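Secondary and tertiary structure notes
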Amino acid sequence: MVRHICMFQLKSEDKDQNLKEAVERAQKLKEISLIKEFKVVTNDIHAPQNNYDLCLIFDFESFEDLDEYQKHPIHQEFAGFITGVRENRACIDYII
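Structural notes, computed from the coordinates. From a predicted model like this one, the values you see are computed outputs, not experimental measurements.

1. Brief notes about the sheet that holds strand S3 (residues 54–60)
Pairing in this open sheet of 4 strands is antiparallel, and the strands run S2-S3-S1-S4 from one edge to the other. The open sheet terminates on both sides in strands that have one partner only, identified here as strand S2 (37–42) and strand S4 (86–95). Ignoring strand direction, the axes of neighbouring strands in this sheet form an average angle of 10°. In the sheet, strand S1 (residues 2–10) pairs with S4 via 9 bridges, with the strands oriented antiparallel. Paired with histidine 4 across the two strands is aspartate 93, which belongs to S4. Helix H1 (residues 15–27) rests against S1, S2 and S3 of the sheet, and its axis sits at about 170° to S2.

2. Considering the pattern of salt bridges
Pairs can form between side chains of opposite charge once their charged atoms are near each other. Applying the stated criterion across every chain yields a total of 4 salt bridges. With its nearest N and O atoms 2.8 Å apart, the salt bridge here joins glutamate 21 to arginine 25. In this pair, glutamate 21 and arginine 25 are both assigned in helix H1, 4 residues apart and thus about one turn of the helix distant. The class of arginine 25 is partly exposed, set by a relative accessible area of 26%. With a shortest N-O distance of 3.6 Å, lysine 71 and glutamate 68 are connected by a salt bridge.

3. Some thoughts on the packing of helix H2 (residues 63–71) against helix H3 (residues 73–85)
The geometry of H2 relative to H3 is characterised by a closest axis approach of 5 Å and an angle of 60° between their N-to-C directions. On H3, the residues touching Tyr69, Gln70 and Lys71 of H2 are Pro73, His75 and Gln76. A per-class count over the contact of H2 with H3 returns 2 nonpolar, 3 polar and 1 charged.

Here is what the cut-offs are and how they apply
Residues numbered from 1 in each chain as written. Predicted model: local features only at pLDDT ≥ 70, side-chain atom pairs only at ≥ 80, totals over all residues. Heavy atoms only, no water. Pairing = 2+ DSSP bridges. Helix = DSSP H or I, 4+ residues; strand = E, 2+ residues; numbered from the N terminus. Axes fitted to C-alpha atoms, helices over the stretch in contact; angles between N-to-C directions. Contact = heavy atoms within 4.5 Å. Salt bridge = Lys/Arg side-chain N within 4 Å of Asp/Glu carboxyl O. Buried < 20%, exposed > 50% of the residue type's maximum accessible area, 1.4 Å probe, protein only. Nonpolar A, V, L, I, M, F, W, Y, C, P; charged D, E, K, R; others polar.

If you want it as structure tokens, here you go:
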């Protein structure tokens, strides 16, 4: 199994609204059958506010499935949105 963790730090402009919309859009990703496990989390209000705002944690059977996920139209739609509202992105993929 491959764990894919991707974090986003959103731009300060309209951050609250964009975070809400990002979470809603991220929920649509679970429709992609290649994803075996799925979690979307946001930074807690009590945590440092310079932390990243949004984290996607997904498990896939293989790196090939992860590659197919990246090309999936639902993922492409999410990526198009998040690219416009994010300031930074960090990602890691590893075998579990």
